[in-house]
Structures are given as C-alpha cells and as structure tokens.
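A look at the structure
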Amino acid sequence: MADPMISQPTQSQLNIAASTTPRHQHHLHIENLTPSPSSSKQINRLINSNHYISPSRPIYSDRFIPCRSSSNFALFNISLPSSATAEISPGGGGKEDSPGAYAALLRNALFGPQTPDKKDWGAGAAGRNIFRYKMETRQSLHSLSPFGFDDTGDPGVSNVAIKTPRKVSRSPYKVLDAPALQDDFYLNLVDWSSHNVLAVGLGTCVYLWNACSSKVTKLCDLGNDDGVCSVGWAHRGMHLAIGTSNGKVQIWDASRCKRIRTMEGHRLRVGALAWSSSMLSSGSRDKSILQRDIRAHEDFVSKLSGHKSEVCGLKWSYDNRELASGGNDNRLFVWNQHSTQPVLKYCDHTAAVKAIAWSPHLHGLLASGGGTADRCIRFWNTTTNSHLSCMDTGSQVCNLVWSKNVNELVSTHGYSQNQIILWRYPTMSKLATLTGHTYRVLYLAMSPDGQTIVTGAGDETLRFWSVFPSPKSQNTDSEIGASSLGRTTIR
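Let us look at the structure shown here. Numbers given to residues run from 1 along each chain, matching the order in which its sequence is written. pLDDT decides what is reported in this predicted model: residues at 70 or higher carry local features, side-chain atom pairs at 80 or more are listed and counted, and totals for whole chains, interfaces and linings draw on all residues regardless. Heavy atoms from the whole structure form the basis of all side-chain values; hydrogens and water molecules are not counted.

Starting at the N terminus, helices and strands are each numbered in turn, a helix being any DSSP run of H or I of at least four residues and a strand any DSSP run of E of at least two. Scanning the protein for helices and strands turns up three helices and 29 strands. The buried share of the protein, taken over its 491 residues, is 42%. Of the contacts made within the protein by residues no fewer than 6 positions apart, 47% connect residues no fewer than 24 positions apart. Throughout, the Shrake-Rupley method with a 1.4 Å probe supplies accessible areas, and for residues the shown protein chains are the sole cover considered. Accessible area for the protein stands at about 27200 Å²; split by element, carbon and sulfur atoms hold 52% of it. Burial classification: accessible surface area is computed with a 1.4 Å probe over protein chains only, and a residue below 20% of its type maximum counts as buried, one above 50% as exposed, and the rest as partly exposed. The contact definition used throughout considers only heavy atoms, calling two residues in contact when any of these lie within 4.5 Å.

Now the structure itself:
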C-alpha cells in the first residue's frame, strides 16, 4: 500500500516535457495545476520544511552548531553566565542535567576525586588565559614517552626531565711550559688567586701568570741558597705567602711586586700554607704547624704539635672554624681556632696524607687522600666525628678539590697512572678521567669562577682543564677560555 503521506505523481499533476526537450527547459509546472489534498500536504512540507519536525528523522541544517552541553568549560577556567547555562542545559535542566553536575562527573572521571585542598577550577576564571598551564593535571609529558616513566607521584608535583650527562673535554685547552717545576710529593707550588692570577714556584723563583691577559711576571728570586717550597694566596687582595726551604715564610704584595715581611719559626722547609682571613697557617718538615697573624708584630701566635713526621697538607674549612692537617705519618688531624692539640684524629690512611679538601656544600664534610701505599679517598663528618665512606682509586692520591658550583670533586694522581678523575659525590661515580701528564700530577688549583682547574707535574707542564659547570646565576663565560688555546712558557 502506498504511503498516505506521499501521493504518486500523475500526468495530470506533472507536466514533464519529452526527453527530446533541451535540458535547460526541464522544469516543474505547478502554478496552473489543481492539487489534490495529499499533494498539497506534500508541497507544504517541501516549502515549509524548516518548520516541520519529523518524529523519526534527525534534523540537519546548513551549518554546524556545536552542542555545548557536553563541553567541559571548567577545564579551561571559564564560567558561563546563568542565561547561557540555561540555554545549553540538556532537556530543560534538572540538577542532575546541569553543566555543573556534568563538569563534576567529568572532573572525577579524568582527575580522580577532588579533595578540599584542591583549587576550585571555576573560581576566578574571568580574565584568565584559556590555555593557561595547570599543575593539577595528573598526566605528565613523560606519559607520551615510549620509555615508560613512573608517573605515580603526587599530581601537584611536576616531573623533572632526566638530564643528559655533562660532556667534559678530555683534552686541556691550554698548556704552559714550567721549567724546573719540581717532582716532589711534599711541596705545594701552584695556587690561583681570587683576582685570576696564577702563582707558580719554579726552583728559586716565583712567577705570576695573569689568566686574563696571559702576562707573565717574575715576582721574586730567593737566591741560590734558598728555594720555593710552597705558595698560597690570601682569600682577598693580592697578598701572596711563600714558604721557603730555609724554614721562613715571606709575605709579598703581588700588585707592587714588593716583599712586606719575613716570618721565622720553623727549623726546616715549609711545604704547606693555608690562609684564614688574616691568619696564616704554615706546616713544616719539622712536624709543627705555626699560626701567624700578619697584623701582629710576632712571627707566630701559637704552635700546633701532634704530627710525628712532615706536615704536607693544610686546609681551613670554609667557615674558618676548623683546620685540617695531613702528614707523612699517615695521620689526618682536625684543629679548632684556639686548640694547640688536635681535637679530632683520623688514623685510617696507610700512607702520607697530602690531599685534603673541605666541602663547600655541607658543613663538616672533609675529604682526604692517601699516598702510594694507600690510594684511597676517605670522607669524614667532623661534626659527628664519623668516617663516612672510602673509595680505592688504584693510584697515589696527590690532590683533592671540591667544585664550588656542583657536588663534585676532582682528584689528581701519581703512581702509577698519573690521571685526573672527576667524581660525583656521594655516589663517587666517575664522570671523566683525564690524562696527558707523563709524571705524577702533584699540583692542583681551581680558578676563581670554579669552572677551570690547573694541574702541574714533574713533566714541567701546567695544563688547564674545563671540568666544572658554571653556577646557575652566571650567564657569561670565564675570561679564560677557548681564546687562550695554545702552548706557551711561563717564563
């Protein structure tokens, strides 16, 4: 049976031209016809189709109008006015059909149940950027990575991307020839000042090398009956202390190349020096340590006794409260500002202790290194008087220095590999091993910016290495760098 809503066309209703009629003349003649009631309904529906709603057929229009009832505006911190909310409420709106209820369900499904300490997503949304980054989202960038990061932490804490290992150049960027640089484990002949000037003891002379201008200046010559055993810069200013083989300590003003005073007290050579503000400590082959106040008239204000052999290592802590000393008696002692006897004694090393370094990052953390028979780097907590850890390096430990910028340290070595090792603390994993010296790497100093170290050896060379990163606050490169490439002589 034919659908009563659709009438079949007849010849009396439609005047269709023959097939031979040109295509542009095909048209529908309606105006002169007398339609039947059924055809009138059909024509009305065609003309007024936009007012007719079919009970079983969806409505399509000529443009796309999105259904905002399924949009989660709260996700972007957008709050709609009440009129707009009423318009987009599906089905005329009860409480369960409101956008607020839908947004709450969507939030719970995506981000889990909301706790009271969570921020209100819709609060204060006016005037905010739609695409403003939200920390409340549980999904992290690592979820897009194929390597499967663990993302079970607190959703309010953003995950930090894993940093790639820092590249450390295996070659020195500068080499200086240092004729007559002695191959003596117990001497300390290289130091770098806060004004970027390197002091080097060569035989009976002390030379200064300006790292900014590469200018070399001969500071002094002690003569044939004396020799340079140690050099040490004051932390501020241009005062340089020189320990001699005759047991004297000289103070020089390097800016004027003028000797200020000479202090006595030791009977044998002075191989170790350490500054603490205006206080200068000197260690000697005569087993003693003398405390000197350069402002006082006396040559020394106190004498520290305890070592049974030559004192070859001295270092003040960064807060100037503790002095660490190492000797050829395999002992490591810690002294305070007023003691004449060691307050802490460490006897675990089995060889001479020359390498000593205080951590600038953790109060009371002290590192020490032993000689050929020991080969170990040991870590001590002087606050709790405890031995923390030990690392066997496989070769004689000659020097240690901590980075100022990161929790890393450098050690230089002698027998049998003559290497330089960059360590990460506290794991003591090796970041780099640097080679190039053909003799024991007996001397070590760090640049004032904390990025560069200089090493010296009995092969009569000074080598400059870029090993540490710059501090976060520093955006400019050091004044010494690639422009200083090359090999020159220091005298």
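Exposure above 30% relative accessible area and the absence of a salt bridge qualify a residue for a patch, where like charges join within 9 Å and nonpolar side chains (Val, Leu, Ile, Met, Phe, Trp, Tyr) within 5 Å. For this analysis, a salt bridge means a side-chain nitrogen from Lys or Arg found within 4 Å of a carboxyl oxygen belonging to Asp or Glu. This count recognises Lys and Arg as positive and Asp and Glu as negative, with His and chain-terminal groups excluded. Charge positions come from single atoms, namely NZ of Lys, CZ of Arg, CG of Asp or CD of Glu. A cluster of basic residues, Arg267, Lys287, Lys303, Lys308 and Lys345, forms a positive patch at the surface. Structurally, Lys345 is set in strand β17 (residues 344-346). Since its relative accessible area comes to 53%, Lys345 is described here as exposed.

Quick look at unusual backbone geometry now. Note that the residue after Tyr415, namely Ser416, is joined by a cis bond; omega there is 10°. Locating Ser416 in the fold gives a position in the loop between β23 (408-413) and β24 (420-424). Geometrically, the link from Tyr425 to Pro426 is a cis peptide bond, its omega value of 10° lying close to zero. Its location among the elements puts Pro426 in the loop between β24 and β25 (429-434). In this structure, Asn196 takes a positive phi of about 65° despite not being glycine. In this structure Asn196 comes out as buried when scored by relative accessible area, which is 8%. Phi angles above zero are rare outside glycine, and Lys287 is one such case at about 80°. Mapped onto the secondary structure, Lys287 falls in the loop between β11 (279-284) and β12 (289-293).

Once that is clear, we can look at the pairing of strand β10 (residues 270-276). For β10, a buried count of seven out of seven residues is recorded, marking the element as mostly surrounded by other parts of the structure. Two strands qualify as a pair provided DSSP detects at least 2 bridges between them. In this structure, β10 lies alongside β11, joined through six bridges in antiparallel fashion. Opposite Ala274, over in β11, you have Ser281 as the bridge partner. The antiparallel hairpin formed by β10 and β11 contains two residues in its connecting segment, where Ser277 sits at a positive phi of about 55°.

Time to look at the pairing of β23. Summarising burial for β23: six of the six residues are buried, a large majority. The alternating pattern of β23 places Glu408, Val410 and Thr412 on one face and Leu409, Ser411 and His413 on the opposite face, and all of these are buried. The pairing of strand β22 (residues 397-402) with β23 spans five bridges and is classified as antiparallel. Note that in β23 the partner of Asn399 across the bridge is Thr412.

Bringing the sheet that holds strand β18 (residues 353-358) into the picture now. As summarised here, the arrangement of the four strands in space is β18-β19-β20-β21, forming an open sheet in which the pairing is antiparallel. Looking at the sheet topology across the chains shown, the edges are occupied by β18 and β21 (386-392). The mean angle between the axes of side-by-side strands here comes to 20°, regardless of whether they run parallel or antiparallel. Sheet analysis places strand β20 (residues 376-381) next to β21, joined by six bridges and oriented antiparallel. Axis definition: a line fitted to C-alpha atoms, limited for helices to the stretch in contact. Angles are taken between N-to-C directions and run from 0 to 180 degrees.

Taken in spatial order, the four strands line up as β14-β15-β16-β17 in an open sheet, and their pairing is antiparallel. Edge strands, defined here as strands with exactly one partner in the open sheet, are β14 (311-316) and β17. With direction set aside, neighbouring strand axes in the sheet form an average angle of 20°. Two elements, strand β15 (residues 322-327) and strand β16 (residues 332-336), share five bridges in a ladder whose sense is antiparallel.

Pairing of aromatic rings covers Phe, Tyr and Trp, the last through its six-membered ring, and needs centres within 6.5 Å; plane angles under 30 degrees mean stacked, over 60 mean edge-to-face, and all others mean tilted. In this structure the tally under the stated criterion is nine aromatic pairs. With a centroid separation of 6.2 Å and an interplanar angle of 45°, the aromatic rings of Tyr173 and Phe464 are classed as tilted. Here Tyr173, found in the loop between α3 (99-111) and β1 (174-177), pairs with Phe464, found in strand β28 (residues 461-466); they are 291 residues apart in sequence, far enough to count as distant. Across this residue pair, the class does not change: Tyr173 and Phe464 are buried. In this structure an aromatic cluster arises from ring pairing among Tyr173, Trp192, Trp209 and Phe464. By definition here, charges over rings are those cases where NZ of Lys or CZ of Arg is within 6 Å of the ring centre and within 35 degrees of the ring normal. Note that Lys345 overlies the ring of Phe333, its terminal NZ or CZ placed 5.9 Å from the centroid.

Let's shift gears to the pattern of salt bridges. All chains considered together, the criterion is met by 11 salt bridges. When the shortest N-O distance is used, the salt bridge between Glu310 and Arg285 registers 3.6 Å. Residue Glu310 is found in the loop between β13 (302-304) and β14, and its partner Arg285 is found in the loop between β11 and β12; the two are separated by 25 residues along the sequence. Judged by relative accessible area, Glu310 falls into the buried class, the value being 5%. Look at Arg285 and you get partly exposed, because its relative accessible area is 43%. Sharing partners across several salt bridges, the network here consists of Asp184, Arg269, Arg285 and Glu310.

This part is about the state of the cysteines. Throughout, disulfides are identified as pairs of cysteine sulfur atoms within 2.5 Å of each other. Scanning the model with the defined rule gives zero disulfides in all. Lacking any disulfide linkage, Cys205 is separated from the closest cysteine sulfur, that of Cys220, by 7.1 Å.

You can see Ser282 is positioned in strand β11. Residue Ser282 is classed as buried on the basis of its relative accessible area of 0%. Any pair of nitrogen or oxygen atoms within 3.5 Å is treated as a polar contact; in protein, a donor-acceptor pairing is required on top of that, and neighbouring residues in sequence qualify only through side-chain atoms on both sides. Within the structure, Ser282 has its side chain in polar contact with the side chain of His266 (distance 2.8 Å). Discounting chain neighbours no more than four positions away, the residues touching Ser282 are Val249, His266, Val270, Ala272, Leu273, Ser288, Ile289, Leu290, Arg292 and Leu314.

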